[in-house]
Amino acid sequence: MTKISDTQAIILSAAAQREDRIALPLPDSLRGSAAAKVVGAMLAKGFLQEVDADMRKGEPMWRETGDGHGVTLIATDAGLAAIGIEPEDANTAPVGATDAPSEEHAPDTTTETEAAPKARTPREGTKQATMIAMLRAPDGATIEEIMAATGWQSHTVRGAMAGALKKKLGLEVTSEKVENRGRVYKLPAA
């Protein structure tokens, strides 16, 4: 996995939890030149992409172009991969990406047999797969145990549970307080 800062992980985790992957608003503690530096580094690494902001939808604006249009920031597939989240479909671009065909211009290739979305399965050997295996164990796992096994920060573990497991994979993560262990998270056995 690519080495990223805590601030970058927070930005990407927040974007991963939004359906449109918009990375704004940035954390309140990140302002001015510090924000520009972090975003610039993320753009250079390909973790974020600048796309035209749709002001009619109320999308937040990162910066204004010289022609009066606004630009927003979208987390890319590479950005999600950097925090251990696989994109839904590696062949699709984020919503609003300028190089992706819009829905109204995209050819309709859906057949009746493809109407239902395919169930996603995580790749073997990834940190996400490790987390899932730990959560499916009979005793479940705590945030701290998952952090030790994956090397992730606590906010990344929580973001992966909420974003990748619940929203993307549709898995139901449960938790309970266990004496001498703390809060334990579990997934139903596969």
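The coordinates are above.
Residues numbered from 1 in each chain as written. Predicted model: local features only at pLDDT ≥ 70, side-chain atom pairs only at ≥ 80, totals over all residues. Heavy atoms only, no water.

Residues I4, I11, L12, L26, M42, L48 and I83 are the most contacted members of the largest nonpolar core, which totals 26 residues. Where this core is concerned, the elements lending two or more residues are helix 1 (6-16), helix 2 (32-45), strand 1 (48-52), strand 3 (70-75) and helix 3 (77-82). Ranked by residue count, the leading element in this core is helix 1, at 5 residues. Of all hydrophobic cores here, the second largest spans 17 residues; its members include L135, W152, A160 and Y185. (Core = buried A, V, L, I, M, F, W, Y, C linked by side-chain atoms within 4.5 Å. Buried < 20%, exposed > 50% of the residue type's maximum accessible area, 1.4 Å probe, protein only. Helix = DSSP H or I, 4+ residues; strand = E, 2+ residues; numbered from the N terminus.)

Here we come to the packing of helix 1 against helix 6 (residues 154-168). It is the contact of helix 1 with helix 6, at a shortest axis distance of 9 Å, that shows an interaxial angle of 20°. Relative to helix 6, the element helix 1 is oriented roughly parallel. Where helix 1 crosses over helix 6, the two elements pack in a sense that is left-handed. Contacts between helix 1 and helix 6 involve D6, A9, I10, S13 and A16 from the former and H155, T156 and K168 from the latter. (Axes fitted to C-alpha atoms, helices over the stretch in contact; angles between N-to-C directions. Parallel < 35°, antiparallel > 145°, perpendicular 65-115°, else oblique. Left-handed = near helix turned anticlockwise from the far one by under 90°. Contact = heavy atoms within 4.5 Å.)

When helix 4 (residues 127-136) is considered as a whole, its buried residues turn out to be Q128, A129, M131, I132, M134 and L135. Those residues of helix 4 hidden inside the fold are in contact with helix 5 (143-150), helix 6 and strand 5 (182-186).

A few words now on the sheet that holds strand 3. Strand order in the open sheet made by the 3 strands is 1-3-2, with antiparallel pairing throughout. A strand with exactly one partner marks an edge of an open sheet, and here the two such strands are strand 1 and strand 2 (63-64). Relative to strand 1, helix 2 is tilted by about 95°, and along the sheet it contacts strand 1 and strand 3. (Pairing = 2+ DSSP bridges.)

Looking now at helix 5. The set of residues buried in helix 5 consists of I143, I146 and T150. Looking down the long axis of helix 5, one finds its buried residues gathered within 65° of arc, a one-sided arrangement. Facing away from the buried side of helix 5, by more than 90 degrees, are the exposed residues E144 and A148. Lining the buried residues of helix 5 we find helix 4, helix 6 and strand 5. (Arc of directions from axis to C-beta.)

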